[in-house]
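Structural characterization, general
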Amino acid sequence: MNAAVDEPRTRLRQSVYLLLICVATGAMLGRILAVDSIDKTAIQECRVAKGLDAKKKTLEKRGITVERLEEALAKEETRLRKAIRLQRPFLSAN
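An account of the accompanying structure is given in this report. (Residues numbered from 1 in each chain as written. Predicted model: local features only at pLDDT ≥ 70, side-chain atom pairs only at ≥ 80, totals over all residues. Heavy atoms only, no water.)

Thoughts on the packing of helix 2 (residues 40-62) against helix 3 (residues 66-83)
Packed helices, taken two at a time, are described by their axes: the angle between them and the distance between them. Direction vectors running N to C along helix 2 and helix 3 enclose 145°, while the axes themselves pass 10 Å from each other. The two elements helix 2 and helix 3 cross, and the hand of that crossing is right-handed. Facing helix 2, whose interface residues are Glu45, Val48, Gly51, Leu52, Lys55, Lys56, Leu59 and Glu60, helix 3 presents Leu69, Ala72, Leu73, Glu76, Glu77, Leu80 and Arg81. Split by residue class, the contact of helix 2 with helix 3 holds 7 nonpolar, 1 polar and 7 charged. (Axes fitted to C-alpha atoms, helices over the stretch in contact; angles between N-to-C directions. Helix = DSSP H or I, 4+ residues; strand = E, 2+ residues; numbered from the N terminus. Left-handed = near helix turned anticlockwise from the far one by under 90°. Contact = heavy atoms within 4.5 Å. Nonpolar A, V, L, I, M, F, W, Y, C, P; charged D, E, K, R; others polar.)

Pasting the structure below:
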């Protein structure tokens, strides 16, 4: 009689274990497949260059001197690099 009661519990426990294994495997594979090889440095540099070009055109329309233009572009480049930071320092589970 005891064995008859234990058999459904054993099957339930094994089913729950199997479900947990499947969920854990799916989560692990999802994280592995989410890693991509996009060149974020190139994208970041392109965005910075476009931003600097737009700022330069705006400043040239105002008729700013060359020295002030270079200073303004240097400040704008610093601001853009901070704002358009796409790269993470590393990819880790920690």
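There is more to say after this.
Some points on the nonpolar core
If you look at the biggest cluster of nonpolar residues, it comprises 7 residues: Val48, Leu52, Leu59, Leu69, Leu73, Leu80 and Ile84. Of all the elements in the fold, those that place two or more residues in this core are helix 2 and helix 3. Apart from the residues lying within four places of it in its own chain, the contact partners of Leu73 are Leu52, Lys55 and Lys56. (Core = buried A, V, L, I, M, F, W, Y, C linked by side-chain atoms within 4.5 Å. Buried < 20%, exposed > 50% of the residue type's maximum accessible area, 1.4 Å probe, protein only.)

Purely spatial values, then, with no claim about function.
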